[in-house]
Amino acid sequence: MNKTFLGKSSEYGSITLFKHSKSVLNYGLYLFKNTIDYKDSDIKDFLYHVIAALAFHDIGKCDCGIQSILHGKKSSTLFSHNILSWAYLMGSNFKGSSILSSVLFHHPIEIFKKKDNDEYNLLTTCKELKKEKNKNNYDNFFNEMNDYLINTFPDIYKPFNTEYNEYKGCITLSSVRLDGTIDGLEESYVLIRKAEATIIRSILITADRTVSEDYANIDKYLNNDISYMEEKFKKETVLNDSVKDINITELKDNNGKYIYSDKARLKMQNDDLDKIIKSKKNGIILSASAGYGKTLMGIKWL
């Protein structure tokens, strides 16, 4: 892989794409193993999805236009790199909607030049990525990372190829569900599969943000320094008492009405939150109906 191929701009240390991706992979796997309860015999397929999402989340930065931006130059690129990453993987011959979901939604969706009356058919984008000089950029990174994953995780990682997979019809961003499935082509997943996609996306976003911001210590993640990552993880997961102690009952909306006026309901939510905090299990998934207060509980937990 070209050593000038960047994963992060000069603002974040001019880190190469392979170095950044491998570092995110290492920290993401550390997060997975220390936050999710699992049995080794049941986890291979799930762990494969985690590994692939972490390793290939930024493959869209192989785009010549994105590289120009990372090198501080002007560019006429059409899509943000997470869309390009999704499009390339979508066109590759593998199954894994949770991988696609995590990659596409690990950043906000940005289309820099929008059509007036129609959405872009992203299948066309998949095909365009396979042409001319972009093809070598994508395929070179893909093959290098693919080889690394095969050698590092021989019992878990299942290699897939870069042959374009023909889909019929039109896939637009609005047809991609949050779990990665495509409206009109696939059925949406049951709760457990949606939870898996959410977990992978959360791990990816956390690992990517941490590694990017801590670029001065990139070698710690690159070399899989467990003691350093453990210390970093502890600092980032300390409960924030200042948030927890906010008097929620006094919060008002723009019209001056109290947002959380049901004290009995708040007590129920706080009791559930205390059980979660005191639980010895990691990676608890709370499944509840709309309006239960999951967002509020999440904010208070943070």
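Owing to the predicted nature of the structure, the values given are computational and were not obtained by experimental measurement.

Caption draft 1: Main features of the overall build of the protein. Tallying secondary structure elements over the protein gives 13 helices and zero strands in all. Expressed as a percentage of its 302 residues, the buried residues of the protein come to 42%. Across the protein, contacts joining residues at least 24 apart in sequence account for 72% of those joining residues at least 6 apart. When the accessible surface of the protein is split by element, carbon and sulfur atoms take 50% of a total near 16900 Å².

Caption draft 2: How the structure looks around helix α2 (residues 44-56). For α2, with 13 residues, the first-to-last C-alpha span of 18 Å sits near the 18 Å given by 1.5 Å per residue. For α2, the buried fraction is high: eleven of the 13 residues fall into the buried class.

Caption draft 3: Just the nonpolar core, in detail. Counting 58 residues, the largest nonpolar core has Tyr27, Leu54, Phe56 and Leu149 as its most contacted members. At ten residues, α2 tops the list of elements feeding residues into this core.

Caption draft 4: Main features of unusual backbone geometry. A positive phi angle, close to 50°, is found at serine 14, a residue other than glycine. Turning to its location among the elements, serine 14 is positioned in the segment before α1 (17-35). Residue serine 14 is classed as partly exposed on the basis of its relative accessible area of 36%. If you check the backbone angles, asparagine 224 has positive phi at about 55° while not being a glycine. By the secondary structure assignment, asparagine 224 is in the loop between α9 (218-222) and α10 (226-236).

Caption draft 5: Structural context of the side chain of aspartate 214. Along the polypeptide, aspartate 214 turns up in the loop between α8 (191-213) and α9. Buried within the structure, aspartate 214 lacks any salt-bridge partner; lysine 232 is the closest side chain of opposite charge, at an N-O distance of 4.0 Å. Of the polar contacts made by the side chain of aspartate 214, one reaches the side chain of asparagine 217; its length is 2.9 Å. Side-chain polar atoms of aspartate 214 contact the side chain of tyrosine 228, separated by 2.5 Å. Excluding anything up to four places from it in sequence, aspartate 214 contacts Tyr221, Tyr228 and Lys232.

Caption draft 6: Just the packing of aromatic side chains, in detail. This model, assessed by the stated rule, comprises twelve aromatic pairs. The interplanar angle of 55° and the centroid separation of 5.9 Å between the aromatic rings of tyrosine 88 and phenylalanine 142 together place this pair among those described as tilted. Within this pair, whereas tyrosine 88 is found in helix α4 (residues 81-90), its partner phenylalanine 142 is found in helix α7 (residues 132-152), the two being separated by 54 residues in sequence. An identical accessibility class is assigned to tyrosine 88 and phenylalanine 142; each is buried. Site record: aromatic cluster; members linked through ring pairs are Tyr27, Tyr30, Tyr221, Tyr228 and Phe233. Here lysine 8 stacks its cationic end above the ring of tyrosine 12, 5.3 Å away from the centre of that ring.

The rules behind each value
Here, residues in each chain are numbered from 1, in the same order as that chain's written sequence. Local features are withheld for residues below a pLDDT of 70 in this predicted model, meaning they are given only at 70 or higher, and side-chain atom pairs are given and counted only at 80 or more; totals for whole chains, interfaces and linings count all residues. Excluded from the side-chain calculation are hydrogens and water; included are all heavy atoms of the structure. A helix here means a DSSP run of H or I that spans at least four residues, while a strand means a run of E at least two residues long, and both kinds are numbered starting from the N terminus. Here's how the labels work: a residue is buried when its accessible area is under 20% of the maximum for its type, exposed when over 50%, partly exposed in between, all with a 1.4 Å probe on protein chains only. Here a residue-residue contact requires only that any non-hydrogen atoms of the pair lie within 4.5 Å. Computed with a 1.4 Å probe, the accessible areas rest on the Shrake-Rupley method; for each residue, only the protein chains presented here act as cover. Expected helix span is computed as 1.5 Å times (number of residues minus one). Buried Ala, Val, Leu, Ile, Met, Phe, Trp, Tyr and Cys residues form a nonpolar core when they are joined through side-chain atoms within 4.5 Å. Neither His nor the chain termini are counted; the positive set is Lys and Arg, and the negative set is Asp and Glu. Every case where a carboxyl oxygen of Asp or Glu lies within 4 Å of a side-chain nitrogen of Lys or Arg is listed as a salt bridge. In the analysis that follows, any N or O atom pair within 3.5 Å is treated as a polar contact, provided that within protein one partner can donate a hydrogen and the other can accept it, and provided that, for residues neighboring in sequence, both atoms belong to side chains. Classification of ring pairs uses Phe, Tyr and Trp, with its six-membered ring standing for Trp, and accepts pairs whose centres are within 6.5 Å; under 30 degrees between planes counts as stacked, over 60 as edge-to-face, and the remaining range as tilted. The rule for a charge over a ring is simple: NZ of Lys or CZ of Arg within 6 Å of the ring centre, and within 35 degrees of the ring normal.

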